[in-house]
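Examination of the molecular architecture
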Amino acid sequence: MYWMKIQSRQENTVYLALWGMLFAAPVLSLYVRSVSMPDFTFQWSDILMVWKLFVVYFLLFLVHNFVLAPMLIHRQKRVLYFSIVAVILSLFIIYQCSHRPQPMRHGPPPIEQIEKMEEFKRHRPPEFKKGQHVPPVFFGEHDVVAVVVLVLMFGMNLGVKGYFKGRSDQKKLAALQKENLAQQLEYLKYQINPHFFMNTLNNIHALVDIDPEKAKSTILELSKMMRFILYEGDKNGVPLTREFDFIRHYVTLMRLRYTDKVRIEVDLPDEVPDKTIQPLMLISFIENAFKHGISYQRPSFIEIKASVSSSRLHFTCHNSKADTPNQEKGGVGLANVKQRLQLLYDNNFTLNIHETPETYTVELNIPLTPNTNDTLHGY
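Residues numbered from 1 in each chain as written. Predicted model: local features only at pLDDT ≥ 70, side-chain atom pairs only at ≥ 80, totals over all residues. Heavy atoms only, no water.

**A few points about the overall build of the chain**
A tally of helices and strands in the chain yields 10 helices and 8 strands. Burial statistics for the chain: of 379 residues in total, 37% are counted as buried. Long-range contacts, defined as pairs at least 24 residues apart, comprise 76% of the intrachain contacts of the chain with a sequence gap of at least 6. Carbon and sulfur atoms make up 62% of the accessible area of the chain, which totals about 23100 Å². (Helix = DSSP H or I, 4+ residues; strand = E, 2+ residues; numbered from the N terminus. Buried < 20%, exposed > 50% of the residue type's maximum accessible area, 1.4 Å probe, protein only. Contact = heavy atoms within 4.5 Å. Areas by Shrake-Rupley, 256 points an atom, 1.4 Å probe, with all protein chains shown as cover.)

Laid out in C-alpha cells, this is it:
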C-alpha cells in the first residue's frame, strides 16, 4: 500500500541520516582541530582508518536491519533471532581481537616518544615483573567497548523498527475499520442482488406445484442465508462452522438453477476446531466460480474443498471456464478480497490463482483465530 511505502521510506531516511552523521563526524573533528591547532595536520589516512571500522558496523547493521530485525519484529521468531545474533557477536569478537585498530595520530610523533618506544622494546616494563599477573591480551577493554557498541546498535535498530511497526499497526487498524464499513455495504449490495433473488424465488415458485416439500426446504435454506448475513455478516469473526454452513446453503440454492450437466462437489469438514474466520471471506470465490465457470453448451464443474491444519485454513475452488462468462454483477470483487486479506493478515496468508484456457483454480491459506464469542446467534 502507498502509506506503507511512505513509512518504509521514512524509516530508511532515519537510518541514512544517522549513518551520514556518523561517517561525517571524524571529518568534522579533524577539520576543527586543524583550524584551531596550527601544528595539527589534516590527514585523510586517519579518517580512512576510522571509516574502515565504521564499514564493519555498517555491514552488520545492514544484515540486522533487512534480515534479522524483521525476523523478530514481524515474524516473532525469537529463538532463531537470538541464536543468529549470538553467532554474529561471536564472529565479531574473533574479528575484533584479530584486527586491533591503530591509534589515530595527531601529527608526527615527537622524538621523545620514539625513544621511549625503543626503550620499551629493549627492556621489560617495570610494572610487568616476572611472576606478576599480566592482563589478558586476547580480549581487552577496547574489544569490550566494540561489542557493547554493536549490541547498542542492534538495540537501536530494533527500537526504530518497533516504533515504525507500531505506527504501521495503528494505520492498518484505522484502514481496517474503514474497510469493514465499506465491506458491510458490499455485503448488503451482494445479498440484495436482484438477479440472485429473482432466480431463487422463481425456482421456489416453480417448486411449489411440482415438489412442495422441496420448496419449503429451499425457503428454509434462503432464510438461513439471510439470517447469517443479518446477524453474523457485520462481525469481526464468525465460527468456522457457520461459514461452512453458509457455503452449503448457497450451493444448495445454486444447484436449483442447473441441470445434471453441471457437476458441483462440496468437500467441507463437518467437525472443525473452535476457530473463527472473517465472515463471507470465501463466498466471493465461489460466486465467481458460478458466474464465470458454468457453460450451458457443454458439461461444466465446480469443486469446492476446505481443510484445517495447525490452526490454518486451506481453501480451494476449482472450476471450469465458460465459453461466454456470465456478466451478472454483484458480490465482492477479487481486488477487494486481496486488499481485505492484506489488511487482515498482512503477509501471513497465501493466495494462489492458477488459470488455464479450460479451468480456473483459487487456493487460499489463512490463519484461524480462537473463538472468543460467548454468545452466538443460532439458526
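This is not the end of the story, as more comes after the structure.
**So, the packing of aromatic side chains**
Tallied over the entire structure, the rule returns 14 aromatic pairs. The interplanar angle of 80 degrees and the centroid separation of 5.2 Å between the aromatic rings of Trp 19 and Phe 58 together place this pair among those described as edge-to-face. Taken together, the positions of Trp 19 in helix α1 (residues 2-36) and Phe 58 in helix α2 (residues 44-73) put the pair 39 residues apart, joining distant regions of the chain. Its relative accessible area of 29% is what places Phe 58 among the partly exposed residues. A connected cluster of aromatic rings, assembled from ring pairs, spans Tyr 15, Trp 19, Phe 23, Trp 44, Trp 51, Phe 54, Phe 58 and Phe 61. (Phe/Tyr/Trp six-rings, centres within 6.5 Å; stacked < 30°, edge-to-face > 60°.)

**Examining the layout of surface pockets**
What the largest pocket holds in volume is close to 850 Å³. Lining the largest pocket are 25 residues, with His 74, Lys 165, Lys 172, Asp 346 and Asn 347 sitting closest to its centre. When residues of the lining of the largest pocket are traced back to their parent elements, those giving at least two are α1, α2, α5 (141-191) and α10 (334-345). (1 Å grid on protein atoms, 1.4 Å probe; cavity = no way out; pocket = protein on both sides within 12 Å on 5 of 7 lines; lining within 4 Å. Points joined across faces, edges and corners; volume = space filled by probe spheres on them.)

**A look at the pattern of salt bridges**
Per the stated rule, a full pass over the model turns up 7 salt bridges. Salt-bridge contacts for Arg 248 lead to Asp 245; the nearest nitrogen and oxygen are separated by 2.9 Å. Of the two residues, Arg 248 and Asp 245 both sit in helix α8 (residues 240-255), 3 residues apart, roughly one turn of that helix. For Arg 248, a relative accessible area of 25% puts it in the partly exposed group. With a shortest N-O distance of 3.1 Å, Arg 263 and Glu 303 are connected by a salt bridge. A residue pair is termed long-range when its members are at least 10 positions apart, and Arg 263 in strand β2 (residues 262-267) and Glu 303 in strand β4 (residues 300-309) qualify at 40 residues. What emerges from the salt-bridge pattern is a single network uniting Asp 245, Arg 248 and Asp 270. (Salt bridge = Lys/Arg side-chain N within 4 Å of Asp/Glu carboxyl O.)

**Section: the sheet that holds strand β8 (residues 369-370)**
The antiparallel open sheet is built from 3 strands, whose spatial order is β1-β3-β8. With partners counted over all chains shown, the strands left at the sheet margins are β1 (238-239) and β8, one partner each. Pairing analysis gives 2 bridges linking β1 to strand β3 (residues 275-277), with the strands arranged antiparallel. Looking at the pairing, Pro 239 lines up with Thr 276 of β3. (Pairing = 2+ DSSP bridges.)

**As for the confidence of the model for the chain**
When pLDDT is averaged along the chain, the result is 76, and 76% of the positions lie at 70 or above. The weakest mean pLDDT in the chain belongs to helix α4 (residues 111-122) at 55; the strongest belongs to strand β5 (residues 312-320) at 95. Across residues 128-137 the pLDDT falls below 50, and counting only partners more than four positions away or on other chains, this stretch makes 3 contacts in the model. Taken together, the stretch residues 327-332 has pLDDT below 50 and engages in 20 contacts with residues farther than four places along the chain or on a different chain. (pLDDT = per-residue confidence, 0-100.)

**Observations regarding α8**
In this model, α8 (16 residues) spans 23 Å end to end at C-alpha, consistent with the 22 Å of a helix rising 1.5 Å per residue. Of all the residues in α8, the buried ones are Leu 240, Arg 242, Glu 243, Phe 244, Phe 246, Ile 247, His 249, Tyr 250, Val 251, Leu 253 and Met 254. (Expected span 1.5 Å × (residues − 1).)

**Considering the environment of Leu 150**
By secondary structure assignment, the location of Leu 150 is in helix α5. Each C-alpha atom of the pair Leu 150 and Tyr 57 lies 7.0 Å from the other, and the pair is 93 residues apart in sequence. Residues contacting Leu 150, with those up to four places away along its chain left out, are Tyr 57, Leu 60, Leu 89 and Phe 92.

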